[in-house]
Amino acid sequence: MVAQRKLMASPVAPVVLGIAVLLAVWEGAIWLFGIPPFVLPSLGTIVQHAFTDTGRLAGALLATLGEALGGYALGGLLGLLLAVVLLLVPPLERIVMPLAVAVNAVPTVAYAPLFLIWFGLGAASKIALVALAVGFTMLVNALHGLKQADLAAVNLMRSFGAGPLKIVWRLRLPVAMPSVVTALRIGVPRSMIVAIVGEMLGAYAGLGRMIYESTQQVDLLSVWSAVLVASLASMVFYGLLVWIDQKLVWWR
């Protein structure tokens, strides 16, 4: 009983259960409705094809992960720094936030043609796109979290001579950590989606490029293999964020 409770409390258990349900629904739908392979191949066939095309998939995955992680780190850092600046200079918030909302009112991938012109077909354009998508999410969440610090605690630190930056570092940032980690979690799927779509519109390598080329060649198994690899990479990425969340926000 104790072992069962520990297993159910583990963050791995819901993931395994979700994958099992997906497998059952996927394979059951193919069997029940007689869906032809060119419409929806079985997961076994997709996995088998992925193993036969490991080299191409590994190269594409490395390219996409490099772009997604680079933009994710850059966007998260810039969003957090901008949130601190807006907190310390309140009049600036009234100028910057409407502009940030206006820019992000348009789907990030709509800027892809412009970014491809500005930064080229290489990794830089995709990193910039991901940074834009992740940065806004981090800005909004981090700014909200930084403002949640107890005013009495802030005034107490001021009375002991603490400056604004020290208050941010010692008090406001720890209070904001749940909001920051939430922004990081939201950014995981966004970073992969934006990187892959950007690659589909123009790139030298990556899963998005592979999906585009395979679609042009009507090689649907390669398309599904690339989608499967991207999904698994996102799950691992998200699992890492859950572990970091438990370490950084241990009091929750």
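These numbers were taken from a predicted model, which means no experiment stands behind them. (Residues numbered from 1 in each chain as written. Predicted model: local features only at pLDDT ≥ 70, side-chain atom pairs only at ≥ 80, totals over all residues. Heavy atoms only, no water.)

**Q** Residue-level account of a nonpolar patch on the surface, with values.
**A** Taken together, the side chains of L82, V85, L88, V89, L92, I95, L99 and L165 make up a nonpolar region of the molecular surface, amounting to roughly 660 Å² of accessible area. For the nonpolar patch, the elements supplying multiple residues, two or more each, are helix 4 (54-88) and helix 5 (90-104). Note on placement: V89 falls in the loop between helix 4 and helix 5. Judged by relative accessible area, V89 falls into the partly exposed class, the value being 38%. (Patch = residues over 30% accessible without salt bridge, like charges linked within 9 Å, V, L, I, M, F, W, Y side chains within 5 Å. Areas by Shrake-Rupley, 256 points an atom, 1.4 Å probe, with all protein chains shown as cover. Salt bridge = Lys/Arg side-chain N within 4 Å of Asp/Glu carboxyl O. Helix = DSSP H or I, 4+ residues; strand = E, 2+ residues; numbered from the N terminus. Buried < 20%, exposed > 50% of the residue type's maximum accessible area, 1.4 Å probe, protein only.)

**Q** Describe the pattern of salt bridges, naming the residues involved and giving the relevant values.
**A** In total, this model carries 3 salt bridges according to the counting rule given. Between R56 and D53 there is a salt bridge, and its shortest N-O distance comes to 3.0 Å. By relative accessible area, which is 37% here, R56 ends up partly exposed. Classification of D53 by relative accessible area gives buried; the value is 16%.

**Q** Could you give me a rundown of the packing of helix 4 against helix 7 (residues 123-146), with the residues and numbers involved?
**A** As a packed pair, helix 4 and helix 7 sit with axes 6 Å apart at the nearest point and diverge in direction by 35°. Relative to helix 7, the crossing made by helix 4 is right-handed. A class-by-class count of the residues in the contact of helix 4 with helix 7 yields 19 nonpolar, 6 polar and 2 charged. (Axes fitted to C-alpha atoms, helices over the stretch in contact; angles between N-to-C directions. Left-handed = near helix turned anticlockwise from the far one by under 90°. Nonpolar A, V, L, I, M, F, W, Y, C, P; charged D, E, K, R; others polar.)

In short, the description is geometric, and any link to function would need to be established separately.
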